[in-house]
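Observations on the three-dimensional arrangement
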Amino acid sequence: MRIVLLGGPGAGKGTQAKLLQDHFKIPQISTGEMLRQAVQNGAVLGKQAKEFMDRGELVPDSVILDLVDGRLSANDSGRGFLLDGFPRTVAQAEAFETMLADRNLVLDGAVSLRVPTATLVARLSGRRTCRRCGTMYHVRFNPSKKDGVCDRCGGDLYQRDDDREETIKARMEVYERQSAPVHDHFRAQGLLREVDGTGSAEEVFRKVLRQLQPTH
Ligand code: AP5
């Protein structure tokens, strides 16, 4: 199974990707996560990317395409993969098609999570992530048992730098301008699967699975 997850900032791509990863036993490839790792490791790429991320802007296509191309060549992608946060521009979508064609692979679907803007903002402003294991929480919708501490591993929970109010606004604008057209790209190929991304994470997951069932 090869799937792309689309949707605005906070639409639930990462949350659904983790559930799909467990269900289909395929790796989640999150460009946002890869970039945050590079920032944390102090890599040159991370230093360059952080400036864009902190402003809520997209990291240049050339950087992202190199990252994804390298990651798709890893051994664990043979049975399929789940791309979360990529492609985010029409140029990335076109280059992605070439990467797949070069590997004789086809995409099974592009799942688009549709969530109203007010819900997106509420989700982002309350998100907390474990510094150690990456488990995600929300101060209202999915709080940890003990404030600031991960239920799973006891690690510290932190708020992402780009989840501050001003940056959230910039990310929303960038999404509308640069990433929304990617939907039309996949729709034209008959690959777009639109899913109402409201409701609990489990409810959304069931809707996503229904959309991924073969139609014949
Ligand atoms: P990235 O990390 O991809 O951020 P994003 O697309 O803005 O998406 P988020 O991770 O913020 O949200 P999500 O949709 O995954 O939602 P989540 O499941 O976490 O990218 C960050 C930056 O990196 C970009 O701004 C850009 O600079 C750069 N970048 C990355 N990829 C790039 C690319 N391809 N090209 C160029 N630049 C790139 O959920 C959010 C919160 O809501 C959580 O707290 C969660 O618990 C909660 N939640 C989720 N689902 C539900 C639900 N159903 N009900 C209630 N709460 C829910």
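Residues numbered from 1 in each chain as written. Predicted model: local features only at pLDDT ≥ 70, side-chain atom pairs only at ≥ 80, totals over all residues. Heavy atoms only, no water.

Let's shift gears to the packing of aromatic side chains. Within the structure shown, the criterion is met by 1 aromatic pair. Relative to F96, the ring of F86 has its centre 5.5 Å away and its plane inclined at 85 degrees; by these criteria the two rings are edge-to-face. A residue pair is termed long-range when its members are at least 10 positions apart, and F86 in the loop between β3 (81–84) and α5 (90–102) and F96 in helix α5 qualify at 10 residues. Just above the ring of F52 sits the side chain of R55; from NZ or CZ to the centre is 5.4 Å. (Phe/Tyr/Trp six-rings, centres within 6.5 Å; stacked < 30°, edge-to-face > 60°. Helix = DSSP H or I, 4+ residues; strand = E, 2+ residues; numbered from the N terminus. Lys NZ or Arg CZ within 6 Å of the ring centre and 35° of its normal.)

Grouped together as the largest cluster of nonpolar side chains are 26 residues, with contacts concentrated most on V4, L83, F96 and F186. If you list the elements that add at least two residues to this core, you get β1 (2–6), α3 (44–55), α4 (61–72), β3, α5 and α8 (181–188). Among the elements that line this core, the one with the most residues is α4, at 6 residues. Look past the residues within four positions of F96 in its chain and what remains in contact with it is V4, L72, F81, L83, F86 and L107. (Core = buried A, V, L, I, M, F, W, Y, C linked by side-chain atoms within 4.5 Å. Buried < 20%, exposed > 50% of the residue type's maximum accessible area, 1.4 Å probe, protein only. Contact = heavy atoms within 4.5 Å.)

What follows is about the sheet that holds strand β6 (residues 136–138). Taken in spatial order, the 3 strands make up an open sheet running β6-β5-β7, and their pairing is antiparallel. In the strand order of this sheet, the two ends are held by β6 and β7 (157–158), each with one partner. Two elements, strand β5 (residues 127–130) and β6, share 3 bridges in a ladder whose sense is antiparallel. From the neighbouring strand, R127 faces β6, where its bridge partner is H138. (Pairing = 2+ DSSP bridges.)

A few words on the site of the ligand. Neighbouring the ligand are 35 residues, the closest being T15, E57, R88, R127 and R171. Within the contact set of the ligand, a nitrogen atom lies 2.9 Å away from a backbone nitrogen or oxygen of G85. Considering the ligand on its own, with 1000 Å² of exposed area, one finds that the protein chains cover 95% of that surface. Among the elements of the structure, α1 (13–24), α2 (31–40), α6 (117–125), β6 and α9 (201–212) are those that each provide at least two residues to the shell around the ligand. (Near = heavy atom within 4 Å. Polar contact = N/O pair within 3.5 Å; in protein donor to acceptor, adjacent residues only side chain to side chain. Areas by Shrake-Rupley, 256 points an atom, 1.4 Å probe, with all protein chains shown as cover.)

This brings us to the sheet that holds β1. With parallel pairing, 5 strands are arranged side by side in an open sheet as β2-β3-β1-β4-β8. In this open sheet, the two edge strands, each paired with only one partner strand, are β2 (28–30) and β8 (192–196). Neighbouring strand axes in the sheet, compared pairwise and without regard to direction, differ in orientation by 25 degrees on average. Strand direction decides the pairing type here: strand β4 (residues 109–114) and β8, joined by 5 bridges, are parallel. Across the sheet, residue V111 finds its bridge partner in β8, namely R193. Across the sheet, α9 lies against β1, β4 and β8, angled at about 155 degrees from β8, the strand it touches most. (Axes fitted to C-alpha atoms, helices over the stretch in contact; angles between N-to-C directions.)

Okay, unusual backbone geometry next. Following F86, the chain continues to P87 via a peptide bond in cis, the omega torsion being -5 degrees. Its place among the elements puts P87 in the loop between β3 and α5. The backbone of K25 shows a phi angle near 55 degrees, a positive value even though the residue is not glycine. The topology assignment puts K25 in the loop between α1 and β2. Accessibility expressed as a relative area gives 58% for K25, which makes it exposed. Of note in the backbone geometry, N104 takes a positive phi value of approximately 55 degrees without being a glycine.

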